[in-house]
Amino acid sequence: MKNWAGNLEYSSARVERPESVAELARIVQQAGRVKALGSRHSFNRVGDTDGVHVLLDALPQQIELNPERGTVKVSGGVSYGALCRALEQSGMAIHNLASLPHISVAGAVQTGTHGSGVNNPSLAGAVQSIDLVRPSGESVTLTLADGDEFLASVVGLGALGIVTGLELAVQPSYRMRQRVLENLPWDRALDGFAGIVSSAYSVSLFTDYAGETISQVWLKALDPEPALADLFGATAAARPRHPLPDMSAENCTIQLDEPGQWLDRLPHFRHEFTPSNGNELQSEFILPLDHAPAALLAVRAVADKLSPLLFVSEIRTGAADEFWLSPFYRQQSVALHFTWKPLQPEVEAFLPELEEALRPFGARPHWGKLFSAAGHDWESLYPRFAAFRSLASGHDPEGKFRNGLLDTVLGVPAASGR
Ligand SMILES: Cc1cc2nc3c(=O)[nH]c(=O)nc-3n(C[C@H](O)[C@H](O)[C@H](O)COP(=O)(O)OP(=O)(O)OC[C@H]3O[C@@H](n4cnc5c(N)ncnc54)[C@H](O)[C@@H]3O)c2cc1C
């Protein structure tokens, strides 16, 4: 079994598709090592195991609104695409989405997946409660009232339990308008960065860091407010655009300021367009918003080595949250995302240099994308890192939910004997 990008073959000896939580609990209890997989959209081995992989798509696929609580309850295998359609049919919505809707809710939340918007928390920000199966097979439900356990578990890298259900905050359905602006001069972007990224509900900048302009700025505004038609020297594209300037925009969501429902504007790509696998790799580094201009200059300084490896880079933002291993933990942030050409050896050889350039800004790597696992001082990046590690070792002393990547990041649990 491979991941979506096809850049890695998982190491599991067995794959199970339990049809009930009780069956899942039995599998977990009996397994030496076990890990859940969602839609396999991660680019690294965060979800790998040499034991049993469990896929949750055969569990009952619950999507249940609770109007009194203003929430929706989803089971572990549900994708954002399925959730969005069900919510919209009931006149409801969630606050934000990633660039594509095909990812699973549980897998996305566990890695701190996010969209864009200075005041929009990551997708984990909607989580009100989480149902987990622990290594012993025990099922628990955690809410904000559980304090540290909850704040550690929501963005948990699958290390604290297998997520069988999530309760997410919902809001009434809303309409949006999307516009792409072109050719934002770099000097204006750096001077006016805070204003540019605050100029709509969700803003993304697309660049290769070379040249004098940022090629595209995607503005997603809340209707009836129009998406701006010019901004700091960038002007409205006259036709729909794809983030890669030479690609057709037919698979992109509707632009040109035409109003539409939230689920048809927040992702960059249409739901009907299902990329089965991708000829690309990704990395992303998240750092305090205040450092954005200096960090962007630092990346521009390595553009000659970076650009040949890149399809494109997307610059997004996100609000602070309270989840211990969230890249947005207590920091309103900018996220520098890199869509690489499928040149993994060259990308991995270059990553330490990029990480070094971003180190002064306290950049936190996206957990589901490519980064140098041994190349970060996790405790200085994450104030609650040591507490997470001891919680994970306490719940999982034998390292059932661990793998090589998690052992490198978290350290090998004392009782695992590995
Ligand atoms: C084309 C593409 C576009 C992307 N766009 C964005 C984007 O816009 N923003 C962004 O932030 N990221 C983005 N990503 C990254 C992606 O959102 C993350 O890698 C996310 O984790 C994928 O979810 P998944 O269901 O595929 O998880 P998987 O890759 O299947 O698993 C990820 C992790 O979650 C764990 N996990 C999965 N399900 C469970 C469960 N039920 N219980 C416990 N642990 C579980 C796995 O063990 C693993 O550790 C993109 C990836 C791709 C391929």
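Above this text is the structure in question.
Below you will find a few notes about this structure. Sequence order sets the numbering: in each chain, residues are counted from 1 along the sequence as written. This being a predicted model, a pLDDT of at least 70 is required before a residue's local features are given, and a value of 80 or more before pairs of side-chain atoms are given or counted; all residues contribute to the totals for chains, interfaces and linings. Remark: hydrogens and water are excluded; side-chain values derive from all non-hydrogen atoms of the structure.

Observations regarding the nonpolar core
- By convention a nonpolar core is built from buried Ala, Val, Leu, Ile, Met, Phe, Trp, Tyr and Cys residues, the set being connected through side-chain atoms within 4.5 Å. Three labels apply to residues, based on accessible area from a 1.4 Å probe with only protein chains included: buried if under 20% of the type maximum, exposed if over 50%, partly exposed otherwise in between. Within the largest apolar cluster, 111 residues are counted, with the highest numbers of intra-cluster contacts made by Y209, W262, L336 and W340.
- Residue contacts follow a heavy-atom distance rule, with two residues in contact if any of their heavy atoms lie within 4.5 Å. When neighbours within four sequence positions are excluded, Y209 is seen to be in contact with W186, L296, V299, R300, A303, L306, L310, S313, I315, L336 and F338.
- In this structure, A25, V28, A31 and V133 belong to the second largest nonpolar core, which totals 13 residues.

A few points about empty space enclosed by the protein
- Cavity: a set of points on a 1 Å grid over the protein atoms alone where a 1.4 Å probe fits but cannot get out. Pocket: an open set with protein on both sides within 12 Å along at least five of seven lines, its lining residues, like those of a cavity, having an atom within 4 Å of a point. Grid points are joined across faces, edges and corners, and a volume is the space filled by probe spheres set on the points. By the definition in use, this model includes two cavities of 30 Å³ or more.
- Taken as a whole, the largest cavity holds about 50 Å³ of empty space.
- Contributing to the lining of the largest cavity are L97, A98, S99, G115, S116, S202, S204, K220, L266, H268, E314 and R316.
- Every element with two or more residues in the lining of the largest cavity is listed here: strand 12 (202–207) and strand 18 (310–318).
- Here the nonpolar group is Ala, Val, Leu, Ile, Met, Phe, Trp, Tyr, Cys and Pro; Asp, Glu, Lys and Arg are the charged ones; every other residue, Gly included, is treated as polar. Partitioned by chemical class, the residues of the lining of the largest cavity number three nonpolar, six polar and three charged. Helix and strand labels come from DSSP, where a helix needs a run of H or I of at least four residues and a strand needs a run of E of at least two; each type is numbered from the N terminus.

Some remarks on helix 11 (residues 385–395)
- Taken together, the buried positions of helix 11 are F385, F388, L391 and A392. Viewed along the axis of helix 11, the buried residues span an arc of 125°, placing them on a single side of the element. Throughout, the arc means the angular range of directions from the helix axis out to the C-beta atoms.

Considerations on the sheet that holds strand 2 (residues 34–37)
- Note on pairing: two strands pair once DSSP finds at least 2 bridges between them. Here three strands make up an open sheet; going across it, the order is 1-3-2 and the pairing parallel. Of all the strands in the sheet, the pair left with one neighbour each is strand 1 (14–16) and strand 2. Neighbour to neighbour, the strand axes of the sheet diverge by 30° on average, direction disregarded. All axes here are fitted lines through C-alpha atoms, helices being fitted over the stretch that makes contact, and every angle between N-to-C directions spans 0 to 180 degrees.

Comments concerning the state of the cysteines
- In what follows, a disulfide is any cysteine sulfur pair within 2.5 Å. Tallied over the entire structure, the rule returns zero disulfides.
- We note that C252 lacks a disulfide partner, and the nearest cysteine sulfur, in C84, lies 17 Å from it.
- Judged by relative accessible area, C252 falls into the buried class, the value being 1%.

Re the sheet that holds strand 8 (residues 139–143)
- On the basis of which strands lie adjacent, the open sheet formed by five strands has the order 4-5-9-7-8 and antiparallel pairing. If you trace the sheet from one side to the other, it starts and ends with strand 4 (63–66) and strand 8, each paired once. Neighbour-to-neighbour, the strand axes of this sheet turn through a mean angle of 15°, independent of strand direction.
- Judged from the five bridges that link them, strand 5 (residues 71–75) and strand 9 (residues 162–169) form a sheet pairing that is antiparallel. Opposite S75, over in strand 9, you have G165 as the bridge partner.
- Contacts from helix 2 (residues 80–89) reach strand 4, strand 5 and strand 9 within the one sheet, and its direction differs from that of strand 4 by about 40°.

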